[in-house]
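Observations on the three-dimensional arrangement
Each chain is listed here by its residues.
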Amino acid sequence: ERRAFAQKISRTVAAEVRKQISGQYSGSPQLLKNLNVVGNISHHTTVPLTEAVDPVDLEEYLITHPLAVDSGPLRDLIEFPPDDIEVVYSPRDCRTLVSAVPEESEMDPHVRDCIRSYTEDWAIVIRKYHKLGTGFNPNTLDKQKERQKGLPKQVFESDEAPDGNSYQDEQDDLKRRSMSIDDTPRGSWACSIFDLKNSLPDALLPNLLDRTPNEEIDRQNDDQRKSNRHKELFALHPSPDEEEPIERLSVPDVPKEHFGQRLLVKCLSLKFEIEIEPIFASLALYDVKEKKKISENFYFDLNSEQMKGLLRPHVPPAAITTLARSAIFSITYPSQDVFLVIKLEKVLQQGDIGECAEPYMIFKEADATKNKEKLEKLRSQADQFCQRLGKYRMPFAWTAIHLMNIVSSAGSLERDSTEVEISTGERKGSWSERRNSSIVGRRSLERTTSGDDACNLTSFRPATLTVTNFFKQEGDRLSDEDLYKFLADMRRPSSVLRRLRPITAQLKIDISPAPEN
């Protein structure tokens, strides 16, 4: 059963009401009213309620209907200033002599549009009156402190400490007054006489009764207000709290491309204790903290002509552009955990990596005459493998240089007596040939740097380093995860890698900041 008040509720749906109204009037009620007034005009048509009406184009309306305002001092306040916006095109910096982008006629339209977003000039919109708008907030903390530097300190009477002499005079005056009016009831005519006689007169106002024009009084008041007046008086008010929902429009910086810092690495020579086969090397940068490889591989060939001759049947003549021994590494955001990793490869041969690396660890250049027959046998085997498998490579050894240690050592002219010595005059350095010392020796690893200044790769002195030891690569492949673990372990005082038997070699590398052009 329904209650009494529920029976009176209308069950008509709103959609039915709208449909009924639109069917009766065939248009809007206001339009129907206008049609009844001007019914004799035949060109007026009804607008259905379901048809969307286009909004008014404000700019076009302002152009076609100029404002009927007489010229006057306030005309600029109601019109848009014509010199407010200025568009300036700033060319982008190109670090190469010739652009590497191909001709636009050779590209697809969507590829051309994508490339233009990287090569077109910067379009900078300069707003002349932006600082006069309400959205601009000039009251920053630094500007407030700058404005308050020349202000005199406000001292009020309540802030002043009472003077001893004046305080004693006031006490004497009170005593004298109390002695003279003890017998006089408070609030009587005689009490008023005593107060009037004991009170001090106020200072007279000069020129109070002189006849002065109003203009002169206004001028004097204006001069007094301007004297010692701060030029930005209203700006001295403290800025509102940041929690208030006020939109602040800040002027963006001029766009520029962030190139980071660049490092020039020159590979000078690679020499082992014994020379029996060609060895190939590559460089790359790794960030241990981010666990990322932050550069491409740079492959370089430092083999002698005799070793290169073993691969002529398999390797075609190389172009001059592929024989570079210098590389520029661009580090976008330098950090303290960047390592320069050097990997060595050799021609694929039978046996595991341990067997292939054993001759490099046991034979010495000084014992070449004693082990002449064994070395000849090794060269013969290497020749056979180069003839058969000259196109294939296998991992051999690797090492790493903590880049920031080298940069800080070269920048501060520090010398490590056991591992590295950097001579600034001849740009040469040498690492002592100790079997158990590696490129990340104890002193260089324990020397840690801190702060952003130590990550600067643009101001250190060029240095030539000689790497004397490499780590034999364990397993068929050194994955990036394994490499990150090894690099992190190198920074510990008790590194596991230092207890490994190294491969003695001599790799000379020149590290210097890359030039501007």
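A quick note: this is a predicted structure, and the numbers were derived from the prediction, not measured.

A few points about the overall build of the protein
- Each helix and strand counted, the protein has 16 helices and 13 strands in total.
- Per-residue burial for the protein yields a buried fraction of 27% across its 517 residues.
- Sequence separation of at least 24 residues holds for 82% of the intrachain contacts in the protein that already meet a minimum separation of 6.
- Carbon and sulfur atoms form 52% of the exposed surface of the protein, whose accessible area is close to 38200 Å².

Some words on the pattern of salt bridges
- What the rule picks out here adds up to 7 salt bridges.
- Two residues, R219 and D223, come together in a salt bridge whose shortest N-O distance is 2.9 Å. Here the residue R219 and the residue D223 both occupy positions in helix α10 (residues 214-226), the gap between them amounting to 4 residues, near one helical turn.
- Take D223: its relative accessible area is 39%, and that puts it in the partly exposed class.
- Ionic pairing is found between E376 and R379, a salt bridge with its closest N-O pair at 3.5 Å. Of this pair, E376 and R379 both sit in helix α13 (residues 372-389), 3 residues apart, roughly one helical turn.
- One salt-bridge network, in which partners are shared between bridges, spans E216, R219 and D223.

Here we look at the layout of surface pockets
- Considering only enclosed or pocket space, the largest pocket measures out at about 640 Å³ in volume.
- If you trace the largest pocket, you find 22 residues lining it, with D301, K308, V315, A318 and L323 closest to the centre.
- Going through the elements one at a time, β4 (279-287), β6 (298-300) and α11 (305-309) are the ones with two or more residues in the lining of the largest pocket.
- With 3 residues, the top contributor of residues to the lining of the largest pocket is α11.

Observations concerning the nonpolar core
- Residues F272, L283, L344, F396, F470, I503 and L507 are the most contacted members of the largest nonpolar core, which totals 45 residues.
- Residues contacting L344, with those up to four places away along its chain left out, are L270, F272, I279, F280, A281, P395, F396, A397 and F470.
- Membership of the second largest hydrophobic core comes to 14 residues, among which are Y286, V341, L478 and L483.

Here we look at the side chain of N405
- Mapped onto the elements, N405 comes out in helix α14 (residues 403-412).
- Given the relative accessible area of 2%, N405 is considered buried.

Comments concerning the pairing of strand β12 (residues 463-472)
- In terms of residue burial, β12 counts as a mostly covered element, since 9 of its 10 residues are buried.
- Relative to β12, strand β9 (residues 393-402) runs antiparallel, the two being bridged by 2 bridges. The residue of β12 that forms the bridge with W398 is F471.
- For β12 and strand β13 (residues 503-513), the ladder comprises 7 bridges, and the chain directions are antiparallel. Residue T466 lies in a different strand from β13, and its bridge partner there is K508.

Considering the packing of aromatic side chains
- Summed over the entire model, instances satisfying the criterion amount to 7 aromatic pairs.
- Plain terms: the ring middles of F298 and F300 are 5.9 Å apart, the flat faces sit at 25 degrees to each other, and that makes the pair stacked. By the burial criterion, F298 is buried, and F300 matches it.
- One aromatic cluster is present, formed by F272, Y360 and F396 through successive ring pairs.
- The ring of W122 carries R92 above its face, with NZ or CZ at 3.8 Å from the centroid.

Here's the deal with the environment of I342
- Locating I342 in the fold gives a position in strand β8 (residues 338-347).
- As a C-alpha pair, I342 and N297 span 45 residues in sequence and 9.6 Å in three-dimensional space.
- Among all residues touching I342, those that are not within four sequence positions of it are S282, L283, A397, W398, T399, I401, F470, L507 and I509.

Brief notes about the confidence of the model for the protein
- Mean pLDDT over the protein works out to 75, with 71% of the residues at or above the 70 mark.
- Low pLDDT (under 50) marks residues 413-454, which in the prediction has 89 contacts with non-local residues, meaning those over four places away or in another chain.

Some details on the side chain of D287
- Mapping D287 onto the fold places it in strand β4.
- A distance of 3.4 Å separates polar atoms of two side chains, one belonging to D287 and the other to S335.

A word on unusual backbone geometry
- In this structure, N228 takes a positive phi of about 55 degrees despite not being glycine.
- Within the secondary structure, N228 is located in the loop between α10 and β3 (261-272).
- With a relative accessible area of 86%, N228 lands in the exposed category.
- Phi is positive for K291, which is not a glycine, with a value near 55 degrees.
- Residue placement: K291 occurs in the loop between β4 and β5 (292-293).

With respect to a nonpolar patch on the surface
- Residues F80, I85, V87, Y89 and V125 make up a contiguous nonpolar surface patch of roughly 540 Å² in combined accessible area.
- The topology assignment puts V125 in strand β2 (residues 122-127).

Analysis parameters
Residues numbered from 1 in each chain as written. Predicted model: local features only at pLDDT ≥ 70, side-chain atom pairs only at ≥ 80, totals over all residues. Heavy atoms only, no water. Helix = DSSP H or I, 4+ residues; strand = E, 2+ residues; numbered from the N terminus. Buried < 20%, exposed > 50% of the residue type's maximum accessible area, 1.4 Å probe, protein only. Contact = heavy atoms within 4.5 Å. Areas by Shrake-Rupley, 256 points an atom, 1.4 Å probe, with all protein chains shown as cover. Salt bridge = Lys/Arg side-chain N within 4 Å of Asp/Glu carboxyl O. 1 Å grid on protein atoms, 1.4 Å probe; cavity = no way out; pocket = protein on both sides within 12 Å on 5 of 7 lines; lining within 4 Å. Points joined across faces, edges and corners; volume = space filled by probe spheres on them. Core = buried A, V, L, I, M, F, W, Y, C linked by side-chain atoms within 4.5 Å. Pairing = 2+ DSSP bridges. Phe/Tyr/Trp six-rings, centres within 6.5 Å; stacked < 30°, edge-to-face > 60°. Lys NZ or Arg CZ within 6 Å of the ring centre and 35° of its normal. pLDDT = per-residue confidence, 0-100. Polar contact = N/O pair within 3.5 Å; in protein donor to acceptor, adjacent residues only side chain to side chain. Patch = residues over 30% accessible without salt bridge, like charges linked within 9 Å, V, L, I, M, F, W, Y side chains within 5 Å.

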